[in-house]
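Structural overview for review
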Amino acid sequence: MHLKTFAFAAVSALTVAACGSSGGAGGARDTIRAVGSSTVYPFAKKVAEDYVAANQGMKSPLIESTGTGGGIKLFCAGLGQATPDMVNASRRMKASEFADCQKNGVTDVVEVQVGLDGIAFASAKGGIVLPLTPEIVYKALAARPYGKEQTAKTWADVDPLLPAKPILVYGPPSTSGTRDALKELILTKGCESDPAMKALKDSDKDKFEQVCTEVRSDGAFVDQGEQDNLIVQKIEGNPNAVGVFGFSYLEENGEKLQDQPMNGVEATYDNISTFKYPGARPLYVYYKKQHVGVIPGLSEFITQWTMSWGKDGPLAKVGFVAAPDDVQATARQNATQGTVMTADGLK
């Protein structure tokens, strides 16, 4: 299947000039550039490798791990060869980010849900064992749990049934989609276990957001940057440490790490694909339709994604979780037909 070729007769001279010039020799950039999520990064690299193998003479796409938030900011900065053609995201683009795209001339954005992932909690093999729930994670990691002073030093301080070991969690930075998903799927759910917080959500949404999603900064939660493999190394070296990252990193390091189930549910392929696991989330790729036909190979690279994300596809071999069949069908249609996003579609 090949992505349909789009007509560019109506593209303004300004847009063509932007894509064709910027620092250096004239002519459009001849390498696809994608930025974004560290979670999607290994999958995008695999698709890039297969794209090069299937398209002789084409240069390998440049894939950069910048974090979802940072990547979307770069993507939405404008058109032209100085800006990325694609952004990989471990959460959906926000309405405010889409508005920035529109404001900066990136008016034709195509959203493709490429698959699923889970936010995994893990420790070293033989290390600490924690029967986690969203409430436990929230009480342990919140800067001000339920609006009160954070006093928990050990897991036993959170719940007397847990080990009296220091709370030490290595996780993603604020620019990461994994951090956003941690807030939305785990911290907020734990915070809402308190009736007063549910009421606060209705009366003061901003304060609710702060109380329920702000993470402590006293050393119990360590922002480890956009390198998930570094988190793996940190928890390998400390049996009392817990790491938070995408499921694929847990699966890839299964001989070294052990899962910490959430609500008694393990982070496994089947549990994520059915959303039984509380930390399951969709993964996305966004591309600029205005760059198709200008940046060589972009059309074919998008097509390579559609050929890779099935349950028995090449990405499944590296820890990727396939989306349900109907989601795959919609994603394939969006990708190949270049269906442009709208603000209403994000609501």
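Reference entry: report on the structure contained in this document. (Residues numbered from 1 in each chain as written. Predicted model: local features only at pLDDT ≥ 70, side-chain atom pairs only at ≥ 80, totals over all residues. Heavy atoms only, no water.)

**Overview of the environment of V232**
Quick reminder of the rule: Runs of H or I in DSSP of at least four residues are treated as helices and runs of E of at least two as strands, each being numbered from the N terminus.
Of note, V232 is situated in helix α10 (residues 228-236). Residues V232 and F221 lie eleven residues apart in sequence; the distance between their C-alpha atoms is 15 Å.

**A few points about the state of the cysteines**
This is how the line gets drawn: Cysteine sulfur atoms that come within 2.5 Å of each other are treated as a disulfide pair.
Going through the model one piece at a time under the given rule, you end up with two disulfides. Covalently, C76 is tied to C101 through a disulfide, its sulfur atoms 2.0 Å apart. When the S-S torsion is -75°, as for the bridge of C76 with C101, the disulfide is left-handed. Within this pair, whereas C76 is found in the loop between α3 (68-75) and β3 (86-89), its partner C101 is found in helix α4 (residues 95-103), the two being separated by 25 residues in sequence.

**Let's talk about the packing of aromatic side chains**
Stated formally: We call Phe, Tyr and Trp rings a pair once their centres come within 6.5 Å, taking the six-membered ring for Trp, and we label the pair stacked below 30 degrees between planes, edge-to-face above 60, and tilted otherwise. Whether a residue is buried, partly exposed or exposed follows from its accessible area with a 1.4 Å probe, protein chains only, as a fraction of its type maximum: under 20%, in between, or over 50%, in that order. For a ring to carry a charge above it, either NZ of a lysine or CZ of an arginine must fall within 6 Å of the ring centroid while also lying within 35 degrees of the normal to the ring plane.
Tallied over the full model, the rule gives four aromatic pairs. With centroids separated by 5.0 Å and ring planes inclined at 80°, the aromatic side chains of F43 and F320 adopt a geometry described as edge-to-face. Here F43 is found in helix α2 (residues 41-54), whereas its partner F320 is found in the loop between α13 (298-306) and α14 (325-337), with 277 residues between them in sequence. With a relative accessible area of 0%, F43 lands in the buried category. Geometrically, the ring pair formed by Y284 and Y286 is stacked, given 5.9 Å between the ring centres and 25° between the ring planes. Since its relative accessible area comes to 0%, Y286 is described here as buried. Over the ring of F75 we find K288, and its NZ or CZ is 5.0 Å from the ring centre.

**Some words on the pattern of salt bridges**
Going by this rule: Each reported salt bridge corresponds to a side-chain nitrogen of Lys or Arg within 4 Å of a carboxyl oxygen of Asp or Glu.
Counted under the stated rule, the structure contains twelve salt bridges. Linking R281 and D117 is a salt bridge whose minimum nitrogen-to-oxygen distance equals 2.8 Å. Highlighted residues: R281 in strand β9 (residues 280-288) and D117 in strand β4 (residues 109-124), separated in sequence by 164 residues. In this pair, the class of R281 matches that of D117, namely buried. The salt bridge involving E135 is made with K139; its shortest N-O contact spans 3.2 Å.

**What to know about the environment of V222**
Put simply, the test is: By the convention used here, residues are in contact when the closest approach between their heavy atoms is within 4.5 Å.
Inspection of the secondary structure puts V222 in strand β6 (residues 221-223). Classification of V222 by relative accessible area gives partly exposed; the value is 24%. Taking C-alpha positions, V222 is 8.3 Å from P172, a pair spaced 50 residues apart along the chain. Apart from residues no more than four positions distant in its own chain, V222 is found in contact with L168, V169, Y170 and G171.

**Some details on the nonpolar core**
Within soluble globular proteins, side chains that are nonpolar tend to cluster in buried spots. For clarity, the threshold we go by: Think of a nonpolar core as a cluster: buried Ala, Val, Leu, Ile, Met, Phe, Trp, Tyr and Cys residues, connected wherever their side-chain atoms sit within 4.5 Å.
Grouped together as the largest cluster of nonpolar side chains are 58 residues, with contacts concentrated most on F121, W155, I167 and F245. Sort the elements by how many residues they give to this core and helix α7 (residues 177-191) lands first, with six residues. Apart from the residues within four sequence positions on either side, F121 is in contact with L132, V137, L182, I186, V242, G243, V244, Q258, D259, Q260, M262 and Y277. Among the nonpolar cores identified, the runner-up in size contains 27 residues, and Y51, V285, I295 and F320 belong to it.

**What to know about the side chain of Q304**
Note that Q304 resides in helix α13. In this view, Q304 contacts V47, D50, Y51, A54 and N55; residues no more than four positions away in its chain are not counted.

**Considering the pairing of strand β1 (residues 33-36)**
Using the following cut-off: One requirement defines pairing of two strands: DSSP has to find at least two bridges between them. If you view a crossover with the strands going away from you and the path from the first strand over the helix to the second runs clockwise, you call it right-handed.
Of the two faces of β1, both are covered, the one formed by R33 and V35 as well as the one formed by A34 and G36. Here β1 pairs with strand β2 (residues 62-63) via two bridges, running parallel. For A34, the partnering residue across the bridge sits in β2 and is I63. Handedness of the β1-α2-β2 crossover: right-handed. Of the pairings in the sheet, the one linking β1 to β3 comprises three bridges and is parallel in character. Counterpart to G36 in the pairing with β3 is N88.

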